[in-house]
Every structure is written in C-alpha cells, then in structure tokens.
Amino acid sequence: MAENQDGQEKTEQPTGKRLEDAKRKGQVVRSRELNTLSVTLVGVVTLVMMSGQLGGSLKQVMTNGFSLTREEIFNVNSLFTHLGDAVRDAFIGLVPFFLMMIVVAIGSSIALGGFSFSSEALAPKLSKLNPIKGLKRTFSAKGLIELVKALAKFALIGGTTLLLLWHNLGDYLLLHEMDLPQAVAHLGELIGWSAILVTSTLILIAAIDVPFQLWEHKRQLKMTRQEIRDEMKETDGRPEVKGRIRQLQREMAQRRMMEEVPKADVIVTNPTHYAVALSYDPDRMMAPKLVAKGADLVAFNIRRVGEEAQVPMVESPLLARAIYFHTELNESIPAGLYLAVAKLLAYVFQLKVYRSDGGDIPEVPDDLSVPDEYQHD
C-alpha cells in the first residue's frame, strides 16, 4: 500500500478537487501504447486504402522527373523548376494522409485523460536533469513494466512477422514467374496486408496498458485520511471558523427575531421554559404567523421585550409547546391549532377593546385545547 511522507497509508480514493488539481498540473491519464497502436494501425490501413492514389501520384512524379528534354537537362533553372513541381505534387498527394495522421495522433492522445494544457507541466524542472533520480526511474517498478512491455512488443511483432513470412513464403517465391506490373501489384498487396496484421498485434498490448494506466493514475492520486480532512478544511473552512460563523448567524437571526416581538399580537408562554410570539393581519394573512420563538434564555428575552412593548401574554403550556415544536419561524401555524389560536386572538381583540374603550375585563380562555398529535411533554 502506498504511503506518504508521514508514513500514512494512502487508502482513500482521490476526491474531485484532487483530480482537478492533478489535471491542472498536467497529470492526466495517458497511454503511449494506445497512441502507438492508433497512429500505426490507422496509418498502415490508410496507406493500403490510398495505395492506388499514392501510386498514381508517385508515377506521375517519376514520369515528369524523367521526361526532360536536352535543353532542360542543361538548364539549371529548369531543373530546379522540375524539382519544385515534383515536391509540390508529392506533397499534394500525401496531404490527406498527413491530415489523417494528425487527427488520429491528437485523438488517441486525449482519448483517456481528455484535453489538458498545463503551463506547470511545461515549466523547466532541474530535478528532471538529476542523473540519480533518472537512474531511480529507470530501475523502478515502472521502469520494469516498461521493459516488459518493450519485450512483449518485440516478441509479438517479431513472432507475427516470422509467421506471416513463413505462411506467405510460397507467394513470395512465385513473384519471379509473374510479369513486372503484376508482381509489383501482388507484392504491394502482400506487404500491405502483412503490415496490417503485424500492427494489429499491438491491440493486445494496448488492451493491457490502458486499464493499467487508469489504475496507476488513480493509485498515484490516492489520499490518506488526513489529506482528505485537510482538503475539507481548505474547501469548507476550519471547524472553529465555521462554528464562529454559525454563532454569528444565530445571533443575527435572534436580533432580527427580537425586533419582531414588539409587533406581535400575543405571546404564549409555558410559562417559563417556552415562549412564542404570534402576529395576525386578516387583510394580508390566511392564518396567524409565528414571528418569534425560543426556549429558556431566549424565551425570557421574548417575554422581557414583550413586557416592555406591552404585548399581551397568555400562559398556556400545551399551546406554547405545540406551536414551538410544530411551527417554523415566519411560517403560519398548522391547521390543527387554528381553533385554539382563534380563541386566543379573540381574547386579544377583546383586550384591545377594553384598553381603548374600557368596559368589562375579558377573561383569559381556559379551553385552549390542543389535539393529541400536537402535544409535547
């Protein structure tokens, strides 16, 4: 199992951030065997398929090159003109092949790790010139694997070549009995198909190398648990900082909540452990809304602010706990509590009338019943 400098085992899979950082540094999955296979096989197949066209272009170049008059032979400028024409015609004939090779070379390079341009990878590193590190890389496990792959390629290609030569030996020996054009055409066909078969043996090497490179890339990027924790701290912030932020957020939320208490229509208490403040505007609300709630010290502050603002307070332990546990801040009360809260608001309305116009003192409703599913001990 791989270890880091601290001796901890790298047992965890790389995170998304680790993969992105590696890609930014140019550390992506690449398979030279896949690249070699793609370029070689496609190149050979393309040459075989374009053999007629390329042969025609070459024949034309040769014809033009040897069809010179006496005057042209002794004219240096004319010779350079013929040479330029020959190079141009040869290049035009090979342009499709060159374009195909460029596309295949780029496509096979980015097939595994995708396109990646990294300025860090291009930056010169003196460590790469260190001969000791070079020897370590040569005699490392990776160097041994590269040696095994090279020997395997030599064995496959050499063995396949010998088998094809042995299998087609009769055809090669019969070439001297054919006319020259027929022999050349048959020889080109033998060489073309033999090259395709020999190159196809690289598929086996690539089929082994691609999964190995994927596994090796993930293995190199594996992380220790400490590295994952450090990365989470860098990404999400340190726990003490996050705790302080949450504390400040709670304090701000409580300040905003306390600012709404003087605007409430009624405060329901437990009487000491819980306190909830309700507000209701028939013109704007479908149901009463919870504008503040709290337990213990927060409940004490709600009652204190409510007393200073002369907000009516009603002691109803069951209703206070039901609203506290079943209603979110700035949300309407649940339908199961409508009846009890309606009786409470009726009392508050009568109390406001009494305070403004006088008359009989309203009695606090004693039947603020709460359904069983909303009761809390």
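Treat the numbers as computed from the prediction; the structure is a model and nothing was measured.

Engineer: Could you clarify how one ought to interpret the packing of helix 3 (residues 51-66) against helix 5 (residues 76-109) in this entry?
Structural biologist: The geometry of a pair of packed helices is captured by two quantities: the angle between their axes and the separation between those axes. Remark: helix 3 packs on helix 5, axes separated minimally by 10 Å, with the N-to-C direction vectors making an angle of 180°. It follows from the interaxial angle that helix 3 and helix 5 lie roughly antiparallel. Across the interface between the two elements, Q53, L54, S57, V61 and N64 from helix 3 touch H82, A86, D89, A90, G93, L94 and P96 from helix 5. Its residues assigned to classes, the contact of helix 3 with helix 5 shows six nonpolar, five polar and one charged.

Engineer: What am I meant to see in the packing of aromatic side chains here?
Structural biologist: Think of a pair of aromatic rings as described by two things: how far the centres are apart, and how the planes are tilted against each other in angle. Inspection of the entire model under this criterion finds six aromatic pairs. Ring centres of F212 and W215 lie 6.0 Å apart, and the angle between their planes is 35°; on these two criteria the pair is classed as tilted. Residue F212 and its partner W215 are both found in helix 11 (residues 202-221); the two are separated by three residues, about one turn of the helix. Since its relative accessible area comes to 24%, F212 is described here as partly exposed. With 4.8 Å between their ring centres and 55° between their planes, Y274 and Y324 make a pair best called tilted. Pair noted here: Y274 is in strand 2 (residues 274-279) and Y324 is in helix 15 (residues 317-326), with a separation of 50 residues, a long-range link.

Engineer: Would you take a moment to explain the nonpolar core for this structure?
Structural biologist: Judged by nonpolar contacts, the single largest core of 23 residues is most densely connected at V266, L278, L319, I323, L337, V341 and L344. Mapped by element, the contributors of at least two residues to this core are strand 1 (266-269), strand 2, helix 15 and helix 16 (338-357). Here the element with the most residues in this core is helix 16; it accounts for seven residues. Look past the residues within four positions of V341 in its chain and what remains in contact with it is L278, P288, L319, I323 and I333.

Engineer: What should I look at first to understand unusual backbone geometry in this one?
Structural biologist: Positive phi, normally seen in glycine, also occurs at Q310, with a value near 55°. Within the fold, Q310 resides in the loop between helix 14 (297-308) and strand 4 (313-315).

Engineer: Is there a simple way to explain a nonpolar patch on the surface in this structure?
Structural biologist: A grouping of V76, F80, L83 and V87 is seen on the molecular surface, where their side chains present a nonpolar patch of about 420 Å² in accessible area. Mapped onto the elements, V87 comes out in helix 5. A relative accessible area of 52% places V87 in the exposed class.

Engineer: Please clarify how the packing of helix 10 (residues 180-200) against helix 11 should be interpreted in this entry.
Structural biologist: Look at helix 10 against helix 11: their axes get within 5 Å of each other, and the N-to-C directions meet at 25°. One way to sum up the angle between helix 10 and helix 11 is to call them roughly parallel. Between helix 10, through V198, T199 and S200, and helix 11, the contact on the second element is made entirely by L202, I203 and L204. Its residues assigned to classes, the contact of helix 10 with helix 11 shows four nonpolar, two polar and no charged.

The rules behind each value
Residues numbered from 1 in each chain as written. Predicted model: local features only at pLDDT ≥ 70, side-chain atom pairs only at ≥ 80, totals over all residues. Heavy atoms only, no water. Axes fitted to C-alpha atoms, helices over the stretch in contact; angles between N-to-C directions. Helix = DSSP H or I, 4+ residues; strand = E, 2+ residues; numbered from the N terminus. Parallel < 35°, antiparallel > 145°, perpendicular 65-115°, else oblique. Contact = heavy atoms within 4.5 Å. Nonpolar A, V, L, I, M, F, W, Y, C, P; charged D, E, K, R; others polar. Phe/Tyr/Trp six-rings, centres within 6.5 Å; stacked < 30°, edge-to-face > 60°. Buried < 20%, exposed > 50% of the residue type's maximum accessible area, 1.4 Å probe, protein only. Core = buried A, V, L, I, M, F, W, Y, C linked by side-chain atoms within 4.5 Å. Patch = residues over 30% accessible without salt bridge, like charges linked within 9 Å, V, L, I, M, F, W, Y side chains within 5 Å. Areas by Shrake-Rupley, 256 points an atom, 1.4 Å probe, with all protein chains shown as cover. Salt bridge = Lys/Arg side-chain N within 4 Å of Asp/Glu carboxyl O.

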